[in-house]
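Close look at the chain arrangement
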Amino acid sequence: LYPDARGSTTWDLYRRAQEQQTTLRFEQYMPEVERWYEHHLFPSPEGLTVWARDVTEERAEHARHERRIADSAQRFRALIENGSDGVMMVTAQGEVIYASPSCARIDGRDPSDVRGRSVLDSVHPDELAEMRAQFEHMLSAPGTCVSGQHRFRHADGSWIWIEAIGHNLLHDPAVGAIVINFRDVTQRRSAAEAYV
């Protein structure tokens, strides 16, 4: 019925399924009808049963879905990388595994220099115990949030005030980290103190 199939990949798969008595599944594009077909091969000693199903629309929908995911990821990346707030992802031990590019505008450090370091390394010594306690509290239960203002050492050696919110998302398989959003509030604090 299909003499052109002899010697093709399809023919080879049919023969392998029959000779090895192995069930096989594959997809094939058929240019003569411009369609994709999914083939299931079920061998038996008497012959080969072939189930074929048109999956052209499924493949097109899958491609559209993949495009939407890629577009969404690109938009998310643009928001994170161009936002004014810094975003970090840290492990349960406090090790930085991601730092957004905006972190450099806040504390003067390149994100690649921050990765692998403890988020507590730059905390002012007078506030380190409080920061550790907040971190431990955040680890106490999935979804726990903590917020506060603390002094951090800038790359130039000065101390800046950082306002931060940490959210424990270690339990979320899509995140698997503690997410910290932060901003420099040094000028705001200075202005408030000068007003008082």
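Below you will find a few notes about this structure. Since this is a predicted model, take the numbers as computed values, not measurements.

1. As for the sheet that holds strand 4 (residues 86-90)
A sheet is described by the order of its strands in space; here five strands give the open sequence 5-4-8-7-6, paired in antiparallel fashion. In the strand order of this sheet, the two ends are held by strand 5 (96-99) and strand 6 (145-153), each with one partner. If you compare each strand with its neighbour and ignore which way they point, the axes differ by 25° on average. Running over the sheet, helix 5 (residues 128-139) touches strand 4, strand 6, strand 7 (159-169) and strand 8 (177-184) and is turned about 150° from strand 6.

2. Structural notes on the environment of Arg-117
Along the chain, the position of Arg-117 falls in the loop between helix 4 (111-114) and helix 5. In this structure Arg-117 comes out as partly exposed when scored by relative accessible area, which is 30%. A C-alpha to C-alpha distance of 5.4 Å links Arg-117 and Glu-95, two positions 22 residues apart in sequence. When sequence neighbours within four positions are dropped, the list of residues in contact with Arg-117 reads Gly-94, Glu-95, Val-96, Arg-109 and Ser-122.

3. Notes on the packing of aromatic side chains
In the structure shown here, the tally under the stated rule is three aromatic pairs. The interplanar angle of 50° and the centroid separation of 5.3 Å between the aromatic rings of Tyr-29 and Trp-36 together place this pair among those described as tilted. Judged by relative accessible area, which is 37%, Tyr-29 ranks as partly exposed. Of note, Arg-189 hangs over the ring of Trp-161, and the distance from its end group to the ring centre comes to 3.5 Å.

Thresholds applied
Residues numbered from 1 in each chain as written. Predicted model: local features only at pLDDT ≥ 70, side-chain atom pairs only at ≥ 80, totals over all residues. Heavy atoms only, no water. Pairing = 2+ DSSP bridges. Helix = DSSP H or I, 4+ residues; strand = E, 2+ residues; numbered from the N terminus. Axes fitted to C-alpha atoms, helices over the stretch in contact; angles between N-to-C directions. Contact = heavy atoms within 4.5 Å. Buried < 20%, exposed > 50% of the residue type's maximum accessible area, 1.4 Å probe, protein only. Phe/Tyr/Trp six-rings, centres within 6.5 Å; stacked < 30°, edge-to-face > 60°. Lys NZ or Arg CZ within 6 Å of the ring centre and 35° of its normal.

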